[in-house]
Amino acid sequence: MSHLIAPSVLSADFNNLERDAEMINNSEADWFHVDVMDGVFVPNISFGFPVIKALNKVAKKPLDVHLMIVRPEEYVTQFRDVGASVLTVHYEASPHLHRTLQAIKAAGMQAGVAINPHTPVALLEDLISDIDLVTIMSVNPGFGGQKFIENTYKKITDLVALKNKAKTDLHIEIDGGVNLDNYPELVKAGANVLVAGNTVFSSNNPTNTIADLKKTVG
Ligand code: DX5
Ligand code: ZN
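Criteria and thresholds
- Residues numbered from 1 in each chain as written.
- Chains lettered and ligands numbered in written order.
- Predicted model: local features only at pLDDT ≥ 70, side-chain atom pairs only at ≥ 80, totals over all residues.
- Heavy atoms only, no water.
- Helix = DSSP H or I, 4+ residues; strand = E, 2+ residues; numbered from the N terminus.
- Buried < 20%, exposed > 50% of the residue type's maximum accessible area, 1.4 Å probe, protein only.
- Areas by Shrake-Rupley, 256 points an atom, 1.4 Å probe, with all protein chains shown as cover.
- Lys, Arg positive; Asp, Glu negative; His and termini not counted.
- Charge placed at Lys NZ, Arg CZ, Asp CG, Glu CD.
- Contact = heavy atoms within 4.5 Å.
- 1 Å grid on protein atoms, 1.4 Å probe; cavity = no way out; pocket = protein on both sides within 12 Å on 5 of 7 lines; lining within 4 Å.
- Points joined across faces, edges and corners; volume = space filled by probe spheres on them.
- Nonpolar A, V, L, I, M, F, W, Y, C, P; charged D, E, K, R; others polar.
- Phe/Tyr/Trp six-rings, centres within 6.5 Å; stacked < 30°, edge-to-face > 60°.
- Donors = N, O, S within 2.8 Å, 3.2 Å for Na, K, Ca; no water.
- Tetrahedral: all angles 85-135°; square planar, octahedral: opposite > 155°, others 65-115°.
- Near = heavy atom within 4 Å.
- Polar contact = N/O pair within 3.5 Å; in protein donor to acceptor, adjacent residues only side chain to side chain.
- Sits in = over half its atoms within 2 Å of the grid points.

Structural notes on the overall build of the protein
So, step 1. The secondary structure content of the protein amounts to eight helices and eight strands.
So, step 2. Once the C-alpha set of the protein is aligned to its principal axes, its extents read approximately 45 × 40 × 30 Å.
So, step 3. A buried classification covers 54% of the 218 residues belonging to the protein.
So, step 4. Within the structure as shown, the protein displays about 9,800 Å² of accessible surface, and the carbon and sulfur contribution to it stands at 50%.
So, step 5. A gap of 3 Å separates the mean positions of the 18 positive and 25 negative side-chain charges of the protein.

In structure tokens form, the structure reads like this:
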């Protein structure tokens, strides 16, 4: 099965957000990746509800919302109401993760769990069947344009094994430092959703770069 590409809006031009959203609409991209940062869980602040609502008005593809915030469970329905299709919370930010995932699904969204580079995949074992998507962070969350962490490949392998053992289906998303050099290895290892911010938006031709990232891995 072919992999999905989710350009990260964090690297878009916020003075031309509509233009960049149209670029994504008209490209081979599958989802919009939307990073919400609160300055508490991560050392950066990005944007919140009004910006996502505005984006959703022009976006013709699903919004994959990645919450890098504390107490994500308090905002589930608000993110649904501004257009989230996939809502991902951090393992490290949600002490009652099982309950949070049920709340996300009850609100009609796909439920995702993101894990930081130091968090082992094995910690997801007891709720793997309740998860629609796992985001393996391949950088420390907070900023676009960082260097890819090589240990990610091992984590993908661990997650594929856990998924197969549980006989469950879920998306394996990689977030951070994805580029044209490493994407084939990531897909071969078992990833099926690739987030790309800097690689797409710093390129001379973002549409072509998305098409390149989307090329089938042999
Ligand atoms: C990092 C964010 C990423 C970021 C990826 O905290 O979660 O989604 O936008 O950006 P690149 O692809 O530039 O590493
Ligand atoms: Zn992200």
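Having seen the structure, we can now continue with the description.
Some thoughts on helix α1 (residues 17-25)
So, step 1. By the burial criterion, the buried members of α1 are Leu17, Asp20, Ala21, Met23, Ile24 and Asn25.
So, step 2. The secondary structure elements touched by the buried residues of α1 are β1 (4-7), β2 (32-37), α2 (49-58), α7 (198-201) and α8 (206-214).

Comments concerning the layout of surface pockets
So, step 1. For the largest pocket, the calculated volume is near 300 Å³.
So, step 2. As for the largest pocket, its lining consists of 28 residues, of which Phe143, Gly144, Gly145, Gly176 and Gly177 are closest to the centre.
So, step 3. Among the elements of the structure, β2, β3 (63-68), β8 (193-196) and α7 are those that each provide at least two residues to the lining of the largest pocket.
So, step 4. Of the residues in the lining of the largest pocket, the class split is eleven nonpolar, 14 polar and three charged.

Details of unusual backbone geometry
So, step 1. At Arg71, a residue that is not glycine, the phi angle is positive and equals roughly 50°.
So, step 2. Among the secondary structure elements, Arg71 is positioned in the loop between β3 and α3 (76-81).
So, step 3. In this structure Arg71 comes out as partly exposed when scored by relative accessible area, which is 45%.
So, step 4. Backbone geometry at Lys167 places phi at a positive 50°, although glycine is not the residue there.
So, step 5. Tracing the chain through its elements places Lys167 in the loop between α5 (152-166) and β7 (171-175).
So, step 6. Judged by relative accessible area, which is 76%, Lys167 ranks as exposed.

Thoughts on the side chain of Lys163
So, step 1. Note on placement: Lys163 falls in helix α5.
So, step 2. Residues in contact with Lys163, not counting those within four places in the same chain, are Thr168, Asp169, Leu170 and Ile172.

Remarks on the packing of aromatic side chains
So, step 1. Under the definition given, this model contains four aromatic pairs.
So, step 2. Their ring planes at 50° and their centres at 5.7 Å tell us that Phe14 and Phe47 sit as a pair that is tilted. Pair noted here: Phe14 is in the loop between β1 and α1 and Phe47 is in the loop between β2 and α2, with a separation of 33 residues, a long-range link.
So, step 3. Exposure remark for Phe14: the relative accessible area of 39% places this residue in the partly exposed category.
So, step 4. With 6.5 Å between their ring centres and 45° between their planes, Phe49 and Tyr75 make a pair best called tilted.

Quick look at the coordination of the zinc ion (ligand 2)
So, step 1. Surrounding the zinc ion (ligand 2) are the protein donor atoms His33 (NE2), Asp35 (OD), His66 (ND1) and Asp175 (OD), at 2.0 to 2.3 Å.
So, step 2. Its six donor atoms give the zinc ion (ligand 2) angles of 69 to 170° at the centre, a pattern that matches the octahedral case.
So, step 3. Counting gaps between the donor residues of the zinc ion (ligand 2) yields the pattern H-x1-D-x30-H-x108-D. One end of the pair, Asp35, is in strand β2; the other, Asp175, is in strand β7, and 140 residues separate them in sequence.

Here's the deal with the site of ligand 1
So, step 1. Residues in close proximity to ligand 1 total 20 residues, the closest being Ser8, Asp35, Gly142, Gly145 and Asp175.
So, step 2. Residue Ser8 places a side-chain N or O atom 2.7 Å away from an oxygen atom belonging to ligand 1.
So, step 3. Note that an oxygen atom of ligand 1 is positioned 2.8 Å from one of the backbone N or O atoms of Gly177.
So, step 4. Notes on ligand 1: free accessible area 390 Å², of which the protein chains cover 99%.
So, step 5. Assessed atom by atom at 2 Å from the grid points, ligand 1 resides in the largest pocket.
So, step 6. Elements that contribute at least two residues to the shell around ligand 1 include exactly β2, β3 and β8.
So, step 7. It is β2 that provides the largest number of residues to the shell around ligand 1, a total of three residues.

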